[in-house]
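Coordinate inspection notes
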Amino acid sequence: MKTIIEPFRIKVVEPIRFTERAERERLIAAAGYNPFRLHADDVLIDLLTDSGTAAMSARQWAGVMEGDESYAGARSFFRFESSVRRIFGYKHVIPTHQGRAAERLLCNALVRPGQIVPGNTHFDTTRANIEASGAVALDLPVAEASDLDSDFPFKGNVDLAALEETLARHGREKIPFVLMTVTNNSRGGQPVSHENLRAARQLAERFSIPLFIDCARFAENAWFVKQREPGYAEKSPFEIARELFSLADGAVMSMKKDAFGNIGGVIALEDDAWAEKVRTNLILTEGFPTYGGLAGRDLEALAIGLEEILDEDYLRYRIASTAYVGRHLTEAGVPVLKPYGGHAIYVDGRRFCAHLRDEQFPGWSLSVAMYTELGVRACEIGNVMFGHPDPDTGVWSWPDLDLVRLAIPRRVYTQSHMDYLVEGMAELYARRETIRGLRFRERPAVLPHFTATFEPV
Ligand code: F0G
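Cut-offs applied
Residues numbered from 1 in each chain as written. Predicted model: local features only at pLDDT ≥ 70, side-chain atom pairs only at ≥ 80, totals over all residues. Heavy atoms only, no water. Pairing = 2+ DSSP bridges. Helix = DSSP H or I, 4+ residues; strand = E, 2+ residues; numbered from the N terminus. Axes fitted to C-alpha atoms, helices over the stretch in contact; angles between N-to-C directions. Contact = heavy atoms within 4.5 Å. Parallel < 35°, antiparallel > 145°, perpendicular 65-115°, else oblique. Left-handed = near helix turned anticlockwise from the far one by under 90°. Nonpolar A, V, L, I, M, F, W, Y, C, P; charged D, E, K, R; others polar. Salt bridge = Lys/Arg side-chain N within 4 Å of Asp/Glu carboxyl O. Buried < 20%, exposed > 50% of the residue type's maximum accessible area, 1.4 Å probe, protein only. Near = heavy atom within 4 Å. Polar contact = N/O pair within 3.5 Å; in protein donor to acceptor, adjacent residues only side chain to side chain. Areas by Shrake-Rupley, 256 points an atom, 1.4 Å probe, with all protein chains shown as cover. Domains from an automatic or database assignment. Buried area = accessible area lost by both parts, 1.4 Å probe. Disulfide = S-S within 2.5 Å. Core = buried A, V, L, I, M, F, W, Y, C linked by side-chain atoms within 4.5 Å. Phe/Tyr/Trp six-rings, centres within 6.5 Å; stacked < 30°, edge-to-face > 60°. Lys NZ or Arg CZ within 6 Å of the ring centre and 35° of its normal.

On to the sheet that holds strand 9 (residues 344-348). Strand order across the open sheet formed by three strands is 9-14-11, with antiparallel pairing between neighbours. In the strand order of this sheet, the two ends are held by strand 9 and strand 11 (379-381), each with one partner. Recorded for the sheet is a direction-independent mean angle of 35 degrees between the axes of neighbouring strands. Examined bridge by bridge, strand 9 and strand 14 (residues 403-407) share five bridges and lie antiparallel to one another. Bridge pairing links tyrosine 346 to arginine 405 in strand 14. With respect to the sheet, helix 14 (residues 362-374) is in contact with strand 9, strand 11 and strand 14, its orientation differing from that of strand 14 by roughly 40 degrees.

Take a look at the structure:
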């Protein structure tokens, strides 16, 4: 059989609210043309993020009831610790309330002002945390990553020559660690090959620099490696994940992705002194080291989620169902990034809205039109998120890609939701020149996309 079906039955459902176009036009205007400012109840299909939006399994919900809410040494912590350690293999397992808290703790423990943190491509909160420590977040993606049409199988890879040059030039004093983001979310949810990771590891070792992994979507990466990297076809996703973590000194994870969590994160590492620093800081802002800002029931649900995420039937369905959306959008002529990502399909804003200039935010304008026309919420990862004015000249620089991410929550939407999306996007593409450009009304300096407001031009 070629048809891949959802490897679950649906036991609990949530209604979604249908709205009219005129109503949506009013709502998005009131939200300052920023989809982040909409009320979620006014969204029909929410593809803003795959983060914290997963449907938990019956086993996870049962785990919620089992949660031990003791302040210190809760049973749920030990269950969490052993579930993380089984896959990651590191000695220290420190829970945090979500991924960016783990990033902040890592930066706080290891990064000093004036330093540089290179990687394949930092996610925006990671970049913000590195910069808040006074350091420079340096993205070194492979050249293929900027070519939307290249079918290079591992566009998440780091550019090894550029990494070597950076490590050689700045050395251990200026580089606290290398950070590899797996999969590479900001550049299309593309996987990193183990060959690339191993080479990055060897380079880092040569300069005595640690290597960390931002492993929010490690299971999806493992599936891509199994499918695409020579020598991995016979290995299980679990074995592949174990190998991934063995190539690093530690990892930070947003467990709102590949742990089926609605909240949660973790920092796991080998070094005793670093772990001590992280725990000291954790107590100041997150909580006691055995709960780190989470309830016992969250720890329980995450421990079970991690057991479920590496299931082959799930991963096969997950990657195939995302590709299904990509393939059908491509057939409808919609310009999307290839190969299709693991957690999301990325539409090329500049090609979709070729009538708009960078200053008019083609990708962002498309995301606003998607809401007004289809009731679908998506997230721009492009000109608004990364574009910025030069502090001296005021001249704007734009990122090389202006994408709109259609992120697919885990186990939430069915194929017919996706068919609606594809049909709507095809119709919108046919009359793409009606999409109006936007300009900023208010732009906060840090992470502008979350709260900025816009007006039509
Ligand atoms: N790292 C990556 C690769 C991420 O994608 C995210 C979050 C984080 C770190 C931060 O984790 O949200 O738990 O604090 N990405 C979400 C997204 C927000 O929509 O892609 P967090």
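From this point, the discussion proceeds with the structure in view.
With that settled, consider the packing of helix 4 (residues 99-110) against helix 5 (residues 124-132). The axes of two packed helices give the description: the angle between them and the distance between them. In contact at an axis separation of 9 Å, helix 4 and helix 5 are set at 30 degrees when each is read in the N-to-C sense. For the element pair helix 4 / helix 5, the angle class is roughly parallel. With respect to the hand of their crossing, helix 4 and helix 5 are arranged in right-handed fashion. In contact with Arg100, Glu103, Arg104 and Cys107 of helix 4, helix 5 contributes Thr125, Thr126, Asn129 and Ile130. Split into classes, the residues belonging to the contact of helix 4 with helix 5 amount to two nonpolar, three polar and three charged.

Quick look at the pattern of salt bridges now. For the structure shown, the criterion picks out 34 salt bridges. A salt bridge links aspartate 50 to arginine 217; its shortest N-O distance comes to 2.9 Å. Placement of the pair is aspartate 50 in the loop between strand 1 (45-46) and helix 2 (58-66) and arginine 217 in the loop between strand 6 (211-214) and helix 8 (218-228), with a sequence separation of 167 residues. Arginine 217 matches aspartate 50 in its accessibility class, with the two residues each being buried. Between arginine 127 and glutamate 131 there is a salt bridge, with the nearest N and O atoms lying 3.2 Å from each other. With arginine 127 and glutamate 131 both in helix 5 and four residues apart, this pair spans about one turn of that helix.

As a structural note, the neighbourhood of the ligand is formed by 16 residues, with Thr49, Arg100, Asp214, Ser254 and Lys257 the closest of them. One nitrogen or oxygen atom from the side chain of threonine 49 is found 2.6 Å from an oxygen atom belonging to the ligand. Between the ligand and glycine 99 there is a distance of 2.8 Å, counted from an oxygen atom to a backbone nitrogen or oxygen. Protein contact buries 94% of the 470 Å² of open area that the ligand shows by itself.

When its domains are assigned, the protein resolves into domain 1 (21-50 + 312-456) and domain 2 (58-308). Between domain 1 and domain 2, the C-alpha centre-to-centre distance is 26 Å. Carbon and sulfur atoms supply 57% of the area that domain 1 and domain 2 bury against each other, a total of about 2,700 Å² over both sides. On the domain 1 side of the interface with domain 2, the three residues burying the most area are Leu315, Pro339 and Arg410, jointly 20% of the side's total. Linking domain 1 with domain 2 are seven salt bridges, by the criterion used here.

Moving on, we get to the state of the cysteines. Following the criterion strictly, the structure yields zero disulfides and no others. Here cysteine 107 stays free of any disulfide, with the sulfur of cysteine 215 as its closest cysteine sulfur at 15 Å. On the basis of relative accessibility, which here comes to 0%, the residue cysteine 215 falls in the buried class.

So, on to the nonpolar core. Burial of nonpolar side chains together is a common tendency in soluble globular proteins. Counting 53 residues, the largest nonpolar core has Phe80, Phe88, Leu211, Ile213, Phe218, Phe245 and Met255 as its most contacted members. Of the residues forming this core, the biggest block, five residues, is contributed by helix 3 (residues 75-88). Structurally, this core is a two-domain feature, drawing no fewer than three residues from each of domain 1 (21-50 + 312-456) and domain 2 (58-308). Every residue in contact with leucine 211, bar those within four places of it in the chain, is listed here: Val178, Met180, Leu197, Ala200, Arg201, Ala204, Leu247, Ala248, Asp249 and Gly250. Formed by 32 residues, the second largest nonpolar core is a distinct cluster that contains Ile345, Ala369, Leu428 and Tyr429.

Throughout the structure, instances matching the rule amount to 22 aromatic pairs. For the pair tyrosine 71 and phenylalanine 288, a centre-to-centre distance of 5.7 Å together with 45 degrees between the ring planes defines the contact as tilted. One end of the pair, tyrosine 71, is in the loop between helix 2 and helix 3; the other, phenylalanine 288, is in the loop between helix 10 (272-285) and helix 11 (296-309), and 217 residues separate them in sequence. Measuring from ring centre to ring centre gives 4.1 Å for phenylalanine 88 and phenylalanine 245, while their planes differ by 10 degrees; the resulting arrangement is stacked. Here phenylalanine 88, found in helix 3, pairs with phenylalanine 245, found in helix 9 (residues 237-246); they are 157 residues apart in sequence, far enough to count as distant. Each of the two residues, phenylalanine 88 as well as phenylalanine 245, counts as buried. Feature note: the residues Phe361, Trp364, Trp396, Trp398, Phe440 and Phe454 constitute an aromatic cluster, connected by ring pairs. The positively charged end of lysine 235 is found above the aromatic ring belonging to tyrosine 232, 4.9 Å away from the centroid. One Lys or Arg, arginine 432, reaches over the ring of tyrosine 429 and ends 4.0 Å from the middle of that ring.

Moving on to unusual backbone geometry. Note the cis peptide between valine 182 and threonine 183, where omega equals -10 degrees. On the secondary structure map, threonine 183 appears in the loop between strand 5 (178-181) and helix 7 (194-206). Of note, the bond from lysine 338 into proline 339 is cis; its omega dihedral lies within 30 degrees of zero at -10 degrees. A positive phi angle is found at tyrosine 33, which is not glycine, with a value near 55 degrees. The residue tyrosine 33 is located in the loop between helix 1 (21-30) and strand 1 in this model. Of note in this structure, phenylalanine 361 is not a glycine but carries a positive phi near 55 degrees. You can see phenylalanine 361 is positioned in the loop between helix 13 (349-352) and helix 14.

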